[in-house]
Amino acid sequence: MGLDFSVVPSYFDTLLLGMGWTIAITISAGILSFFGGIVFAVTALYGHWLIRLPVRLFAWLFMGTPLLLQLFLIYFGLIQVGIDLPAFVAGVIGLGLHFAVYNSELIQASILAVDKGQYEGARTLGLSRGQTLRRIVIPQAVHAVIPPMGNNMIALLKDSALVSVIGVMELTLASQQAISRTYRPFEFYLAAAFLYYVINLALEAGLRRLERRIAASR
Amino acid sequence: MLRVYPFFLEAALLTIQLSVLTCILGLACGALGASMRLSRLAPLRWIAATYVSLFRGTPALIQVFILYFGGPQIGINLDAFTAGTIALGVNIGAYMTETIRGAILSVDKGQTEAARTLGMSRWETMRKVVLPQAARMMIRPLGVNINALIKGTALLAPISVLELTQTAQRFIGSTYKPFEMFLLAGILYMSIIYVVGHGINWLDRRARIT
């Protein structure tokens, strides 16, 4: 059986729809991982030990196991305890929390690297502990780790292919659907790879622009 | 519950086996890729840069699928284990290429210049001066790649390689205990990563003293 790419264009709308979902998942999970990362970082550093300990344990579990396993646990495991999430939601939560943990590691290191004088200065000016963190320390810390968090975002885009396994109709599953009708895996997976590559290039270009703007604002 | 343990242990062994093979292939691709990216011949540099860009720019899962499901169409018939190992190894090799290249480039330029001034050839300079220093610096970042590839072996579950994640999935069908099965697999993954992480730390410490 040779290769025949002429079948690909007739499934273009299927692939495009899948691509749209891939972008939607990446953006939703990206936003969750950004804010989740900040929340995890702050609780891991400053929370009461009753909160700090579970957060650290959670981070440790999420960094030590495969994302695929976490997606399965959230999607199939939670059904066992009566929580039946739609696949899309489970996928976004799984991806979002997974990368929130990685973002949190970056932000924690960055918070600790913010000059102590900033903290002391703010406190001297009469800001409360919470205000100092919220208005002075965290904005600086987050600003400094935007480039590495961008790398996590790119990793998130590629790992979004994993949610096809729990049945989210994104690019990978859309190409599988086309394959099940045409029996042409090589052509369609290659087409999917090409589309992922295009999104990846666009995302990289966007992140580079963002980094330049940040660099200019300093 | 008790009767599943032997199957999980066997699956953990398969995960370790996959990780070791993927790691060896990845390091080979990484060393080759890095030396091509640093080559004086422009075409070699371009080939390596394209390799890195394509394999880092698309999902590993898709790469596994292309080789395993698409391979037969172009005359490559591999079983799931072999196809998966090759795809994951070549994929992580692209990341390792950048790691190794980064470590080599981080060696002070003065070292190369001094060695060349002393009359060493380019190859001698690389082998006797640059690489021994770069090797120390690449242990930790390569450790990050290795950590990722161990977790990445779970990507072979969708092509039915009986590693830890696939084994957990299969037992859910018969036990209806998804939480316990995935937790058991998770604990085994973490044990593997814990041991490997300590090994890398140990290597890193030793490399620093000397």
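Just above sits the structure.
Residues numbered from 1 in each chain as written. Chains lettered and ligands numbered in written order. Predicted model: local features only at pLDDT ≥ 70, side-chain atom pairs only at ≥ 80, totals over all residues.

With that settled, the discussion passes to the overall build of chain B. Along its length, chain B carries eight helices and zero strands. Along chain B, from the amino end to the carboxyl end, the secondary structure elements read α-α-α-α-α-α-α-α. In terms of overall dimensions, chain B has C-alpha extents of about 70 × 45 × 20 Å along its principal axes. Taken across its 210 residues, chain B has 40% of its residues classed as buried. (Helix = DSSP H or I, 4+ residues; strand = E, 2+ residues; numbered from the N terminus. Buried ≥ 20, exposed ≤ 12 C-beta atoms within 10 Å, placed from the backbone.)

On to helix α3 (residues 67-80) of chain A, then. Side chains that are three or four residues apart share a direction in an α-helix, a result of its 3.6 residues per turn. Residues and elements named next belong to chain A. Taking 1.5 Å per residue as the helical rise, α3 with its 14 residues ought to reach 20 Å, and the 20 Å between its terminal C-alpha atoms agrees with that figure. Most pronounced at Leu73, the bend in α3 amounts to some 30°. Within α3, 10 of the 14 residues are buried, leaving the element largely enclosed by the surrounding structure. A positive backbone phi angle near 90° is found at Gly82, which sits one or two residues after α3. (Expected span 1.5 Å × (residues − 1). Bend = angle between axes of the 7 residues up to and from the residue.)

Below, the discussion takes up the interface of chain A and chain B. Facing the 27 residues of chain A at the interface are 27 residues of chain B. Contributing elements (two or more residues each) for the side of chain A that touches chain B: α2 (49-64), α3 and α9 (185-217) of chain A. Here the side of chain A that touches chain B takes nine residues from α9(A), the largest share from any one element. For the side of chain A that touches chain B, the class distribution of residues is 20 nonpolar, six polar and one charged. (Contact = placed C-beta atoms within 7 Å. Nonpolar A, V, L, I, M, F, W, Y, C, P; charged D, E, K, R; others polar.)

All names here are of chain A. Note that Gly20 resides in helix α1 (residues 12-46). For Gly20, a count of 14 C-beta atoms within 10 Å corresponds to the partly exposed category. Separated by 78 residues in the primary sequence, Gly20 and His98 have C-alpha atoms spaced 22 Å apart.

The biggest cluster of nonpolar side chains holds 111 residues, and the ones touching the most others in it are A:Leu68, A:Leu71, A:Tyr189, A:Ala192, B:Ile62, B:Val64 and B:Ala185. Excluding its chain neighbours within four sequence positions, the residues that come into contact with B:Ile62 are A:Ala161, A:Thr172, A:Tyr189, A:Ala192, A:Ala193 and A:Tyr196. (Core = buried A, V, L, I, M, F, W, Y, C linked by C-beta atoms within 7 Å.)

This part takes up the packing of α1(A) against helix α7 (residues 146-159) of chain A. Residue and element names in this part refer to chain A. Interaxial distance between α1 and α7 falls to 10 Å at its minimum, and their mutual angle equals 140°. Between α1 and α7, the crossing angle belongs to the class labelled oblique. You can see that α1 and α7 cross each other, and the crossing is right-handed. Contacts between α1 and α7 pair Thr26, Ala29, Gly30 and Ser33 from the former with Asn152, Met153, Leu156 and Leu157 from the latter. Among the residues making up the contact of α1 with α7, the classes are represented as four nonpolar, four polar and no charged. (Axes fitted to C-alpha atoms, helices over the stretch in contact; angles between N-to-C directions. Parallel < 35°, antiparallel > 145°, perpendicular 65-115°, else oblique. Left-handed = near helix turned anticlockwise from the far one by under 90°.)

One non-glycine residue, A:Tyr183, lies in positive phi territory at about 55°. As for its position among the elements, A:Tyr183 is in the loop between α8 (171-182) and α9. Among the residues examined, A:Tyr183 registers 11 C-beta atoms within 10 Å and is labelled exposed. The backbone of B:Tyr176 shows a phi angle near 55°, a positive value even though the residue is not glycine. Mapping B:Tyr176 onto the fold places it in the loop between α7 (164-175) and α8 (178-209). When the 10 C-beta atoms within 10 Å are taken as the criterion, B:Tyr176 is described as exposed.

Turning next to the packing of helix α1 (residues 5-37) of chain B against helix α6 (residues 122-152) of chain B. Residues and elements named next belong to chain B. The N-to-C vectors of α1 and α6 enclose an angle of 135°; their axes lie 9 Å apart at closest approach. Viewed along their axes, α1 and α6 adopt a mutual orientation that is oblique. As α1 runs across α6, the sense of the crossing is right-handed. Within the contact between the two elements, α1 uses Ser19, Thr22, Cys23 and Gly26 and α6 uses Ile146, Leu149 and Ile150. Residue composition of the contact of α1 with α6, grouped by class: four nonpolar, three polar and no charged.

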